[in-house]
Amino acid sequence: MTPEVIRMSPKSKMNPKCPACGADSWKVGFSRSGRRVYMCKSKSCGRKFNERAGTPFWHLKKEEKDVLTAALLYAKYPLSTYQVADLLELFGVKVSPSSVGRWPQRFGHSVKKIAKRYTIKFSKVWHADEKFVPHKRVPSKRWKRGKRKWAYQITVLDSEGNVVASYLAPARSTEAIKKALRRAKEEAGFSPDIIVTDDYPGYDRGVNVLGRHTRHVRAHFEGKLIPYGKGALLLSNNKIERYHSQIAPKIRSMRGVKNLERGDRFFRFYNFTHNFFRKGRLKRILSQLGLKPSLKGLTKLFYIVRDF
C-alpha cells in the first residue's frame, strides 16, 4: 500500500495566533499559575491570552498530561467515567467523572487538523453499517421508566480496517446514510470503487451521493465473489460487524448518549484513536516532527497543530 503522507512542520517556537482575531502576538509575561501570557498585536483587539489558547487544554486548570491521559483512557478502552477517575486517583490525579466525559470532545477541532495533514491512504473498497446506540427515554404509559429511544451510529470502514467517517444519526433513514457517506467522501477525498452494505433499503438511494462509478454490493455475513480489476474479491460485511462488536463494550460503559451532537463529537475522537494508534502511525508522526513517542510528545503535537 502507498504510505501515509505527513503535511505538517513543527511550529512550536512561534507565538500563538490571537484566538479572537487571528493576528500575531507577542510575549508580555507570565500568569499567576506560571503560564506564558501573550497579547494580540492588533490595536483594535489587544486581547491577552495564555499559551494554552487554541489548544484542547485552554480554560482548564489540570495539567495537559492528566487531561490527555483521561481522554485517551475513556475513548480507547471500555471504561466508564467513574472507572477512569478511580484509575487516575491511584496515581495521585483527582478528577471528577463528569470532567472525564467532557474532555474527549475538546479534541475534536485539533483532531480534524491532524487528519487533514496526516493523510491516511484509504482503500477503494468501503463497508457501511449501523450500530444501535441508546439515546434517552421518553414517557410511556406502558413502561414505568419510559420507553427507550435509540440513535444509530453509521460507520464507513475501508477494507484495511480504517474508519473513513461516522455519523451518529437520530434515526435510521436514507438521509442519515447520505450524510454519513458525504462525510466519508469528504474525509477520504474520493469515492470508492465498491461499497458493501447489508440489505437495508435505505442504502439503495443513499449510495447515490458517491457517484455513478461506485458499485453497490449487498452482502451481509455470506461472502460474494465480485470481479474487480484483473481478479475478483470475496466481499462480505463481516469486517465492519467485527468493528461494531469492538465498540459495543464502549457504548455499554457509556450507557448510551444523552446529546446527539456531543455524542457525534465523541465518536469522531474515538475514530481518531482507532486509526492513529494502528500500525505505529502516531509514533511516525511524532518522530518525523522531532517529538518523542510519549505522552509529552503527543501533548506537544496539539500545540503544533494549533496554528494551522
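Refer to the structure printed above.
Residues numbered from 1 in each chain as written. Predicted model: local features only at pLDDT ≥ 70, side-chain atom pairs only at ≥ 80, totals over all residues. Heavy atoms only, no water.

Enquirer: Run through the overall build of the chain, naming residues and quoting values.
Expert: Along its length, the chain carries ten helices and twelve strands. Reported as C-alpha extents along the three principal axes, the dimensions of the chain are approximately 65 × 55 × 40 Å. Evaluated residue by residue, the chain yields a buried proportion of 47% over its 308 residues. Taken as a whole, the chain presents about 17,000 Å² of accessible surface, with 51% of it coming from carbon and sulfur. (Helix = DSSP H or I, 4+ residues; strand = E, 2+ residues; numbered from the N terminus. Buried < 20%, exposed > 50% of the residue type's maximum accessible area, 1.4 Å probe, protein only. Areas by Shrake-Rupley, 256 points an atom, 1.4 Å probe, with all protein chains shown as cover.)

Enquirer: Break down helix α8 (residues 260-276) for me, with residues and values.
Expert: The end-to-end C-alpha separation of α8 is 24 Å, in line with the 24 Å expected for 17 residues at 1.5 Å each. A large share of α8 lies buried, amounting to twelve of its 17 residues. Restricting attention to buried positions, one finds in α8 the residues Gly263, Asp264, Phe266, Phe267, Phe269, Tyr270, Asn271, Phe272, Thr273, His274, Asn275 and Phe276. Where α8 starts, the residue carrying a side-chain oxygen 3.0 Å from the main-chain nitrogen of Glu261 turns out to be Asn259. (Expected span 1.5 Å × (residues − 1). Polar contact = N/O pair within 3.5 Å; in protein donor to acceptor, adjacent residues only side chain to side chain.)

Enquirer: Give a description of the nonpolar core that names residues and reports values.
Expert: Judged by nonpolar contacts, the single largest core of 71 residues is most densely connected at Phe107 and Leu301. It is helix α1 (residues 64-76) that provides the largest number of residues to this core, a total of seven residues. Ranked by size, the runner-up nonpolar core spans seven residues in total, among them Val125, Val196, Ile226 and Leu235. (Core = buried A, V, L, I, M, F, W, Y, C linked by side-chain atoms within 4.5 Å.)

Enquirer: Before we move on, could you go through unusual backbone geometry and cite the residues and values that matter?
Expert: One non-glycine residue with positive phi stands out, namely Arg255, at about 55 degrees. Tracing the backbone shows Arg255 in the loop between α7 (238-254) and α8. Residue classification places Arg255 among the exposed residues on the basis of a relative accessible area of 76%.

Enquirer: Can you explain the pattern of salt bridges? Please cite residues and give values.
Expert: Opposite charge on two side chains makes pairing possible when the charged atoms of those side chains draw close. This structure, assessed with the given rule, holds nine salt bridges. With a shortest N-O distance of 2.8 Å, Arg218 and Asp204 are connected by a salt bridge. In this pair, Arg218 sits in strand β10 (residues 215-218) while Asp204 sits in helix α6 (residues 202-206), placing the two residues 14 residues apart along the sequence. Taking the relative accessible area as the measure of exposure, Arg218 reaches 36% and is therefore partly exposed. As a salt-bridge pair, Asp264 and Arg268 come within 4.0 Å of each other at their nearest N and O atoms. Placement of the pair is Asp264 and Arg268 together in helix α8, with a separation of four residues, close to one helical turn. Judged by its relative accessible area of 25%, Arg268 falls in the partly exposed class. Residues joined by salt bridges that share partners form a network here, namely Arg183, Asp264 and Arg268. (Salt bridge = Lys/Arg side-chain N within 4 Å of Asp/Glu carboxyl O.)

Enquirer: Account for the sheet that holds strand β6 (residues 125-138), with residues named and values stated.
Expert: In spatial order, the strands read β8-β7-β6-β9-β10; together these five strands make up an open sheet with mixed pairing. Only two strands of the sheet have a single neighbouring strand rather than two, namely β8 (163-169) and β10. When strand polarity is set aside, the average angle formed by the axes of neighbouring strands in this sheet is 25 degrees. Pairing of β6 with strand β9 (residues 194-197) involves three bridges; the strand directions are parallel. Pairing of Trp126 across the sheet is with Ile195, part of β9. Sheet strands touched by α7: β6, β7 (147-158) and β8. Its angle to β6, the strand with the most contacts, is close to 25 degrees. With respect to the sheet, α8 is in contact with β6, β7 and β8, its orientation differing from that of β8 by roughly 165 degrees. (Pairing = 2+ DSSP bridges. Axes fitted to C-alpha atoms, helices over the stretch in contact; angles between N-to-C directions. Contact = heavy atoms within 4.5 Å.)

Enquirer: Account for the environment of Tyr118, with residues named and values stated.
Expert: Inspection of the secondary structure assignment puts Tyr118 in strand β5 (residues 118-119). Classification of Tyr118 as buried rests on a relative accessible area of 2%. For the pair Tyr118 and Pro293, spaced 175 residues apart in sequence, the C-alpha to C-alpha distance is 16 Å.

Enquirer: Explain the pairing of strand β11 (residues 224-228) residue by residue, including any values.
Expert: Relative to strand β12 (residues 231-235), β11 runs antiparallel, the two being bridged by five bridges. Of the residues in β12, the one forming a bridge with Ile226 is Leu233. Hairpin remark: β11 followed by β12, antiparallel, with two residues in the connecting loop; positive phi at Gly229, about 65 degrees.

Enquirer: Summarise the sheet that holds strand β2 (residues 25-30); cite the residues concerned and give the values.
Expert: Pairing is antiparallel in the open sheet, where three strands are placed in the order β2-β3-β4. Both edges of this open sheet fall to β2 and β4 (48-50), since each of them pairs with a single strand only. Averaged over neighbouring strand pairs, the angle between their axes works out to 35 degrees when direction is ignored. Summarising the sheet, β2 and strand β3 (residues 36-40) pair through five bridges and their orientation is antiparallel. The partner of Trp26 across the bridge, within β3, is Met39.

Enquirer: Go over the packing of helix α9 (residues 281-288) against helix α10 (residues 295-304) with me, naming the residues and quoting the values.
Expert: Look at α9 against α10: their axes get within 10 Å of each other, and the N-to-C directions meet at 70 degrees. As far as their axial angle goes, α10 and α9 are roughly perpendicular. Only Gly297, Leu298 and Leu301 of α10 make contact with α9, whose side of the interface consists of Leu282, Ile285 and Leu286. Residues belonging to the contact of α9 with α10 are distributed by class as follows: five nonpolar, one polar and no charged. (Parallel < 35°, antiparallel > 145°, perpendicular 65-115°, else oblique. Nonpolar A, V, L, I, M, F, W, Y, C, P; charged D, E, K, R; others polar.)

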